[in-house]
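# Observations on the model geometry
What follows is the residue order along each chain.
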Amino acid sequence: MSSSEDQLNQHVPQHVAIIMDGNGRWAKAQGLSRLEGHKQGAKRLRDVIQWALDAGIKQVSLYGFSTENWKRPKLEVAGLMTLLATILPLEISRMQDKDVRFLTLGDTSKFPWLARKALEKAKNATAKNTTMDLILCLNYGGQQEIVDGVRRFCLSWDEAEDKAKTLAELSPEILYSFMQRDGVLPVDLLIRTGGEKRISNFHLWDAAYAELYFSDTNWPAYSRDDLTQALDDYASRERRFGKTSEQVQIEEKVIPEEKSA
Ligand code: FPP
């Protein structure tokens, strides 16, 4: 790879997280049921895999069902579960062809049996794929994820010989190791569709330094052009991670030169 290609790739986010919002509003505008909106949304979910692969993205995580979504009408929740159990098995062969690994985040233990079975099957079948990870976040909540990590840390602390030292040494890195989410990269770009400007309890930890992008397009109408716009916007931003702009510019000059040496 030439150094100019290398520089270009630094501007492609490795992990893109998407809040797929606006299914209900899209459906209402078309005179359709909310469930029809989710069905169309599921089709965009399928498209986004291809668009992300084409863009060279390594991980895409999608907010499919939040810990708060149980509060929706029972019929809508049941419809989402059925949709999941129906569409996922149909996607396995395509994920295999494209070398996509399917993962989940969140506690799906209370999902209906058929949905759990479909999730297990998709995860097992694609476990060895390496080109891109598709992470479906289901019964997922960023706060819950941190609470689960704290709980596991406390259990280990209880058994620690030097409790004071263990507590004094607790750091973000150590707590993260208790969050049990091997292989999930920090979120580089967080996109929310549907016009709202909220994070809604998604990736509270991993999105600490994510670039945020809000699109007015409702998720069922989301297009390749919409994603390209978000990626172009991302590529134009300077990511400073707490440093000054001058420091970042010096590093950007030095690193490609070191790589090409
Ligand atoms: C938010 O739109 C969308 C969801 C809560 C569900 C997302 C689900 C899919 C894209 C379909 C695939 C299904 C699963 C379970 C992965 P909204 O309903 O809040 O839209 P609104 O804000 O316009 O009402």
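Further up the page is the structure itself.
Everything in this summary refers to the structure shown in the same document. (Residues numbered from 1 in each chain as written. Predicted model: local features only at pLDDT ≥ 70, side-chain atom pairs only at ≥ 80, totals over all residues. Heavy atoms only, no water.)

## Let's talk about the overall build of the chain
Secondary structure summary: the chain contains ten helices and six strands in total. Partitioning the contacts of the chain with sequence separation of at least 6, the portion at a separation of at least 24 is 76%. Of the accessible surface of the chain, which amounts to about 14,500 Å², a share of 53% is contributed by carbon and sulfur atoms. (Helix = DSSP H or I, 4+ residues; strand = E, 2+ residues; numbered from the N terminus. Contact = heavy atoms within 4.5 Å. Areas by Shrake-Rupley, 256 points an atom, 1.4 Å probe, with all protein chains shown as cover.)

## Digging into the site of the ligand
Contacts to the ligand come from 16 residues, most closely from Asp21, Gly24, Arg25, Arg34 and Arg72. Between an oxygen atom of the ligand and a side-chain N or O atom of Asp21, the distance comes to 3.1 Å. Here an oxygen atom of the ligand and a backbone polar atom of Arg25 are 2.6 Å apart. Bound to the protein, the ligand loses 91% of the 620 Å² it would expose on its own. Where the shell around the ligand is concerned, the elements lending two or more residues are helix H2 (23–29) and helix H3 (34–55). A per-element tally of the shell around the ligand places H3 first, with four residues. In terms of residue class, the shell around the ligand is built from five nonpolar, seven polar and four charged. (Near = heavy atom within 4 Å. Polar contact = N/O pair within 3.5 Å; in protein donor to acceptor, adjacent residues only side chain to side chain. Nonpolar A, V, L, I, M, F, W, Y, C, P; charged D, E, K, R; others polar.)

## A closer look at the nonpolar core
With 41 residues, the main nonpolar core has Ile18, Leu62 and Ile191 as its most contacted residues. The element that contributes the greatest number of residues to this core is helix H4 (residues 74–97), accounting for eight residues. Sequence-distant contacts of Leu62, that is, excluding residues within four places in its chain, are made with Ile18, Met20, Leu45, Val48, Leu134, Ile135, Leu136, Cys137 and Phe202. (Core = buried A, V, L, I, M, F, W, Y, C linked by side-chain atoms within 4.5 Å. Buried < 20%, exposed > 50% of the residue type's maximum accessible area, 1.4 Å probe, protein only.)

## Regarding the environment of Thr82
Its place among the elements puts Thr82 in helix H4. Residue classification places Thr82 among the partly exposed positions, given a relative accessible area of 49%. A C-alpha to C-alpha distance of 26 Å links Thr82 and Ile191, two positions 109 residues apart in sequence. For Thr82, the side chain forms a polar contact with the main-chain oxygen of Ala78, separated by 2.8 Å.

## Thoughts on the pairing of strand S5 (residues 189–192)
Burial along S5 is two-sided: Leu189 and Ile191 facing one way and Leu190 and Arg192 facing the other are all buried. Direction of pairing for strand S1 (residues 15–19) relative to S5: parallel, over a ladder of four bridges. In the sheet register, Ala17 faces S5, and the bridge partner there is Leu190. With four bridges connecting them, S5 and strand S6 (residues 211–214) associate as parallel partners. Considered in S6, the bridge of Ile191 is made with Tyr213. (Pairing = 2+ DSSP bridges.)

## Some details on the sheet that holds S1
Spatial strand order, S3-S4-S2-S1-S5-S6: six strands in an open sheet with parallel pairing. Strand pairing shows two members of the sheet lacking a second neighbour, strand S3 (100–105) and S6, which therefore form its edges. Here the strands of the sheet are splayed against their neighbours by 20 degrees on average, with no regard to which way each runs. Its contacts with the sheet place H3 against S1, strand S2 (59–66), S3 and strand S4 (132–140), and it is angled at close to 145 degrees to S4. In this fold helix H9 (residues 224–235) packs onto S5 and S6, with an angle of close to 140 degrees to the strand it touches most, S5. (Axes fitted to C-alpha atoms, helices over the stretch in contact; angles between N-to-C directions.)

## Digging into the side chain of Ser61
For Ser61, the position within the fold is in strand S2. For Ser61, the side chain forms a polar contact with the side chain of His203, separated by 2.8 Å. For Ser61, the contacting residues outside a window of four places in its chain are His15, Val16, Ala17, Ile18, Ile135, Cys137, Phe202 and His203.

## Things to note about the pattern of salt bridges
Across all of its chains, the model carries 19 salt bridges by this definition. Between Glu36 and Lys39 there is a salt bridge, with its nearest N and O atoms 3.9 Å apart. Of this pair, Glu36 and Lys39 both sit in helix H3, three residues apart, which is roughly one turn of that helix. Of the residues examined, Lys39 reaches a relative accessible area of 39% and is grouped as partly exposed. A salt bridge links Lys123 to Glu120; its shortest N-O distance comes to 3.8 Å. Here Lys123 pairs with Glu120, and both are found in helix H5 (residues 113–126), just three residues apart, close to one helical turn. The structure contains a network of salt bridges with shared partners spanning Asp21, Arg25, Arg192, Glu196 and Arg198. (Salt bridge = Lys/Arg side-chain N within 4 Å of Asp/Glu carboxyl O.)

## Details of the pairing of S4
Within S4, nine of the nine residues are buried, which leaves it mostly tucked inside the rest of the structure. As paired strands, S2 and S4 are joined by seven bridges and run parallel to one another. Each residue of the ladder has a partner; that of Ser61, found in S4, is Ile135. As defined by bridge partners, S3 adjoins S4 across six bridges and the pair is classed as parallel. From the neighbouring strand, Leu105 faces S4, where its bridge partner is Cys137. In terms of handedness, the path from S3 via H5 over to S4 forms a crossover that is left-handed. (Right-handed = clockwise from strand over helix to strand, strands pointing away.)

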